[in-house]
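# Examination of the molecular architecture
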Protein chains: 2
Amino acid sequence: MHFLPNFVPLFIKPLRVEKVTASIITIGDELLIGQTIDTNSAWMAQQLNGMGIWVQRRVAVGDIKEAILEALDEESASADIILITGGLGPTADDITKPTLLEYFGGTMVQHEPTLQRLMQLFESRGLPILQRNIDQALVPDSCTVLMNHHGLAPGMWFEKGGKVFVSMPGVPHEMKGIMTDHVLPRLQEQFDTKAVLHQTLLTSGMGESFVAEKLLAFEAQLPEHIKLAYLPSYGLLKLRLTAHGEDKVSTAAELKLRFQEMEALLKDIAVYDEDISMGEVLGRYLKTKGKTVGTAESCTGGYIAHSITAVAGSSAYYNGSVVTYSNAMKTKLLGVKEATLATYGAVSEETVREMAAGALKVLNTDYAIAVSGIMGPDGGTPEKPVGTVWIAAGSADNIVTVKYRLMYDRERNIQMTAIYAMNELRKLI
Amino acid sequence: MHFLPNFVPLFIKPLRVEKVTASIITIGDELLIGQTIDTNSAWMAQQLNGMGIWVQRRVAVGDIKEAILEALDEESASADIILITGGLGPTADDITKPTLLEYFGGTMVQHEPTLQRLMQLFESRGLPILQRNIDQALVPDSCTVLMNHHGLAPGMWFEKGGKVFVSMPGVPHEMKGIMTDHVLPRLQEQFDTKAVLHQTLLTSGMGESFVAEKLLAFEAQLPEHIKLAYLPSYGLLKLRLTAHGEDKVSTAAELKLRFQEMEALLKDIAVYDEDISMGEVLGRYLKTKGKTVGTAESCTGGYIAHSITAVAGSSAYYNGSVVTYSNAMKTKLLGVKEATLATYGAVSEETVREMAAGALKVLNTDYAIAVSGIMGPDGGTPEKPVGTVWIAAGSADNIVTVKYRLMYDRERNIQMTAIYAMNELRKLI
């Protein structure tokens, strides 16, 4: 007879999960000279992860036949699935498709549905059809064609040596369309994946190493199949728990318990229990309470307004904003007193307080956020160096103010100010 | 005796340029699950390219010893320089540094200057110093330490088998600091690089395949050492010419001639002859003419204001903006007539025209941009489907309006509207 210990041993059977693995190959010189930032890979990895497929490597190569062939060989040596993007546009150097033909064999044929779609599209726009567009409908007959409903170049699904290879255009919305319409459902059918689940806690206000100290015991007793990752993001620290398991339901239940345990340890700095933007966090708080917000921005120049309105449905809680870069506009549009500006300056507690009060009135909202600061690289003084920023947030009867000294470049200073300002208001709601 | 042909043969000697090559390895699970978008690699590639070093591959691997070792072997088999980022934070899984120690040999030692900087930093902030922070000052004695003046984890420069390996933290501003302070100057010293020069023409208003037709003859007669690349970007098409050569001055002169030739062929759609943001393009036009601008934004929710103010020094030509999400705010802040809104709706030529006129008055600027549209995913009607957007741009005596029908997701629709709107004003200046 077995004795059970008197605590519930969530991790009594560390599960050896056999992983289905994928590699992502992106093709294009523009990635190697740094003209394009690769946002596709992150999206693809998220989708694959969500269905239990582990992305083990990502490789970017140029528009060079040998480099593409080498990458196909290397990645398929270890991964089960190889996803390829890029190199299929009408002006691409005509390297990717012939290379795929060489690698997988077959002959080049016209894909009729793509050709028809292409001709209809050009006709409906009254544009002449060019040979280079017609050529986009050419595919090796060794592939299964994945119809592109969002552009012209079709996706191509190959199988070789028990591995799956998918080639897609690099334009983000075309790639996403082909992934959603074809690739993800087909992978789901073909691979018996285990559960891989993530949950992320957003925190703000404590450095990475101090959070790590707080979580020392928690992390030490995590079972092998649950991993904690620290993901510093400007203005936020994200803590991600990842659980691997045989079964989705029980793995989710286990992950939930562990997550709650972690959340309780960090309740003072916890911002939200989902990996969403701060604009979306603030929006959810406002929606829940049925309240509205407006912003009065100087140094962030509209970035807080953008962060809030980037969220679909934000018109339900957002009326508008006033961006006042000059002192004259602060007075004219927000009613900041000229005396306040003269005495304390535009970057001061007094000014942001009056900006917030002005915004509440002018924009007719329940809450307001106001910021004024020096984002750099120029404009600093010994007294108020670059990076100095004042934030005010609150409602008619309670406005709080806070000062930061940021140390980054202009772009990051703007982003961090926006995140801190939105978080300041969130705390009050 | 030789006869010279009667045109100047710019490319009579196609230069065989021996390339110095680099590979970039990024380490971290967060890249493989798609939680982080890799912006570091693009920046690094730009810097290396600028000094004539060709990035041939970029590889992302997880926090796994074997994966890191394999990547080091593979990349150093062909590249001269291997730049590594990530895996060095205080909570990193302690895999990168021991793996580097194993790969390059030596023993782990304390780096005194880093330790002192670290202790000073923690003291000045009144924070206790933790063992995990102290450990950040540990480095293999087989490396040259590259002091990190922007964070805690130092950079490490290794040499092995005639190849250079540099390990840096993944936090963007720390990596950039170490690259600028140490890596780029050292590479410049150590490698005799040839000239690799780029120039990019921004265009707007014509599809990729039609531009390609226009450039058919131009592209066909380009010498082998000058390459043309098409880089579609939402709302813009970028055309990049890259020239390789032995000598920087003559290569630059040749590139310039070719670029001017291309620009002349595309003068109707040319936006700018440098790869900068549309906000910066607009800013340069305004600065040159000594004029000011303001924006009245509905659907873009502050993104145009942000695009303009993201540029350092924008306060010279930018007064402010009004973001009016609700009809009431359009009337209250911009003086849009209630009758106009009732008759034509918020998304109409008449409304954006009144918004622009209102902005000119309220913000007291020479020029104004106004937009109103439906960015999605909801809010469309049969008459005005999602993606419908009206733009107005101009001055008191000349406001032009234009309508677009965009087909992307909310985020891209916002970005494209901003780019189209700023370009509309640019055409008028």
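No experiment lies behind these values; they were computed from the predicted model shown.

## Things to note about the interface of chain B and chain A
A common measure of how large an interface is: the accessible area buried when the components associate. The interface is formed by 86 residues belonging to chain B together with 87 residues belonging to chain A. At the boundary of chain B with chain A, total buried surface from both sides reaches about 7000 Å², with 57% on carbon and sulfur atoms. Contact with chain A buries area across many residues of chain B, yet B:I33, B:Q35 and B:R58 alone supply 10% of it, more than any other trio. Applying the counting criterion to the chain B and chain A interface returns 6 salt bridges. We note a salt bridge from A:K227 to B:D29, for which the minimum N-O separation is 3.3 Å. Taken together, the links from chain B to chain A amount to 32 residue pairs in polar contact (both at pLDDT 80 or more). Take the side of chain B that touches chain A: its biggest share by element is 8 residues, from strand 2 (residues 53-61) of chain B. Within the side of chain B that touches chain A, the residues separate by chemical class into 41 nonpolar, 28 polar and 17 charged. Relative to strand 2 of chain B, strand 2 (residues 53-61) of chain A runs antiparallel, the two sharing 5 bridges. Residue A:R58 lies in a different strand from strand 2 of chain B, and its bridge partner there is B:A60.

## Quick look at the pairing of strand 14 (residues 318-324) of chain B
Among the 7 residues that make up strand 14 of chain B, 7 are buried, leaving the element largely enclosed by the rest of the structure. Here 5 bridges tie strand 14 (residues 318-324) of chain A to strand 14 of chain B, and the two strands are oriented antiparallel to one another. Pairing of A:S321 across the sheet is with B:V323, part of strand 14 of chain B. For the segment spanning strand 13 (residues 293-297) of chain B, helix 12 (residues 303-309) of chain B and strand 14 of chain B, crossover handedness is right-handed.

## Side note on the relation of the copies chain B and chain A
After a rotation of 180° and a shift along the axis of 0.1 Å, chain B superposes on chain A with an RMSD of 0.1 Å. The operation mapping one copy onto its partner corresponds to a two-fold rotation axis. A symmetric contact is evident, with 100% of the interface residues of chain B recurring at the interface of chain A.

## Regarding the pattern of salt bridges
Residue and element names in this part refer to chain B. Here the structure, examined in full by the defined rule, presents 28 salt bridges over all chains. Here K65 ties to E102 by a salt bridge, and the two come within 2.9 Å at their closest N and O atoms. Placement of K65 in helix 3 (residues 65-78) and of E102 in helix 4 (residues 96-104) is noted, with a sequence separation of 37 residues between them. Judged by relative accessible area, which is 34%, K65 ranks as partly exposed.

## Quick look at the packing of helix 3 (residues 65-78) of chain A against helix 4 (residues 96-104) of chain A
Helix-helix packing: each pair is described by the crossing angle between the helix axes and the interaxial distance. Residue and element names in this part refer to chain A. Look at helix 3 against helix 4: their axes get within 10 Å of each other, and the N-to-C directions meet at 50°. Relative to helix 4, the element helix 3 is oriented oblique. Where helix 3 crosses over helix 4, the handedness of that crossing is right-handed. On helix 4, the residues that touch K65, I68, L69, L72, D73 and S76 of helix 3 are T96, T99, L100, E102 and Y103. Looking at the contact of helix 3 with helix 4 residue by residue, the class counts come to 5 nonpolar, 3 polar and 3 charged.

## Quick notes on the domain arrangement of chain A
If you check the domain split of chain A, you get domain 1 (20-190), domain 2 (195-272) and domain 3 (278-428). Each of domain 1 of chain A and domain 2 of chain A has a C-alpha centre, and the two are 35 Å apart.

## Details of the packing of aromatic side chains
The full count for this structure, using the stated rule, is 16 aromatic pairs over all chains. On the basis of an interplanar angle of 80° and a centroid distance of 5.0 Å, the ring pair of A:Y103 and A:F104 is categorised as edge-to-face. A relative accessible area of 12% means that A:Y103 is categorised as buried. The class of A:F104 is buried, set by a relative accessible area of 14%. Arranged with centres 5.1 Å apart and planes meeting at 80°, the rings of A:Y325 and B:Y318 form a pair that is edge-to-face. With A:Y325 in the loop between strand 14 and helix 13 (327-334) and B:Y318 in strand 14, this pair bridges two chains. A relative accessible area of 15% means that A:Y325 is categorised as buried. For B:Y318, a relative accessible area of 1% puts it in the buried group. Among the aromatic residues, those joined into a ring-pair cluster are A:Y103, A:F104, A:F158 and A:F165. Sitting over the face of the ring of A:W157, A:R186 holds its NZ or CZ atom 5.1 Å from the ring centroid.

Cut-offs used in this document
- Residues numbered from 1 in each chain as written.
- Chains lettered and ligands numbered in written order.
- Predicted model: local features only at pLDDT ≥ 70, side-chain atom pairs only at ≥ 80, totals over all residues.
- Heavy atoms only, no water.
- Contact = heavy atoms within 4.5 Å.
- Buried area = accessible area lost by both parts, 1.4 Å probe.
- Salt bridge = Lys/Arg side-chain N within 4 Å of Asp/Glu carboxyl O.
- Polar contact = N/O pair within 3.5 Å; in protein donor to acceptor, adjacent residues only side chain to side chain.
- Helix = DSSP H or I, 4+ residues; strand = E, 2+ residues; numbered from the N terminus.
- Nonpolar A, V, L, I, M, F, W, Y, C, P; charged D, E, K, R; others polar.
- Pairing = 2+ DSSP bridges.
- Buried < 20%, exposed > 50% of the residue type's maximum accessible area, 1.4 Å probe, protein only.
- Right-handed = clockwise from strand over helix to strand, strands pointing away.
- Least-squares fit on C-alpha atoms with pLDDT ≥ 70 in both.
- Axes fitted to C-alpha atoms, helices over the stretch in contact; angles between N-to-C directions.
- Parallel < 35°, antiparallel > 145°, perpendicular 65-115°, else oblique.
- Left-handed = near helix turned anticlockwise from the far one by under 90°.
- Domains from an automatic or database assignment.
- Phe/Tyr/Trp six-rings, centres within 6.5 Å; stacked < 30°, edge-to-face > 60°.
- Lys NZ or Arg CZ within 6 Å of the ring centre and 35° of its normal.

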